[in-house]
Amino acid sequence: MSHTLTTHDRLALDAAYEQARAGRDEGGIPIGSALIDPQGRIVARGHNLRVQTGDPTAHAETACIRSAGRRRDWHTLTLASTLSPCAMCTGAAVLHRIPRVVIGEHETFLGREDWLAAEGVQIVLAEDPRCVQLMRTFIAQRPDLWNEDIGVPPEPPPA
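Residues numbered from 1 in each chain as written. Predicted model: local features only at pLDDT ≥ 70, side-chain atom pairs only at ≥ 80, totals over all residues. Heavy atoms only, no water.

## With respect to the side chain of D128
No. 1: With respect to the secondary-structure elements, D128 resides in the loop between β5 (122-125) and α6 (129-141).
No. 2: With near-sequence residues (within four places) excluded, D128 lies in contact with R10, L13, G104 and E105. (Helix = DSSP H or I, 4+ residues; strand = E, 2+ residues; numbered from the N terminus. Contact = heavy atoms within 4.5 Å.)

Here it is, written out as structure tokens:
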């Protein structure tokens, strides 16, 4: 795992952060993602749309990958996400052989970075304070929605 961001990594993470803010502003979960090519062009963006669409698979990374459409150059792209990718999103990155993943933060949620590493994916951890603050604020304000997003069952009613 690296902590050194390239100029392209920063561009991708900035685009992902803007997507996360868009998701928050729509009343959804503030997680964003972007795909960038080796020339520094953002080829796709996405943010978590679970609340907005009712689709439990509409996480930021899957929304971003969907918006990228049919491609043959996945193996050259970098995926940036404001938050450590969950198992589903990690699986999508592994399936498409995306070789690099830039992660904004993993303090508030540690996804399947172990799986990414086991598949030889280069992980760049930004430890971006904007991403941490966005998630901390959201989790404090909407713990029920956050737990729903990460699959934590609701507390049983008191007896």
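## Some words on the side chain of S81
No. 1: Assignment of secondary structure puts S81 in strand β3 (residues 78-81).
No. 2: On the basis of relative accessibility, which here comes to 0%, the residue S81 falls in the buried class.
No. 3: Within the structure, S81 has its side chain in polar contact with the side chain of E61 (distance 2.6 Å).
No. 4: In contact with S81, other than residues within four places in its own chain, are L13, I31, G32, S33, E61, V102, I103 and G104. (Buried < 20%, exposed > 50% of the residue type's maximum accessible area, 1.4 Å probe, protein only. Polar contact = N/O pair within 3.5 Å; in protein donor to acceptor, adjacent residues only side chain to side chain.)

## Quick look at the environment of L49
No. 1: By the element assignment, L49 lies in the loop between β2 (42-47) and α2 (50-53).
No. 2: Here L49 falls in the partly exposed class, since its relative accessible area comes to 25%.
No. 3: Those residues within four positions of L49 in sequence are excluded, and the remaining contacts are E26, G54, A58 and A63.

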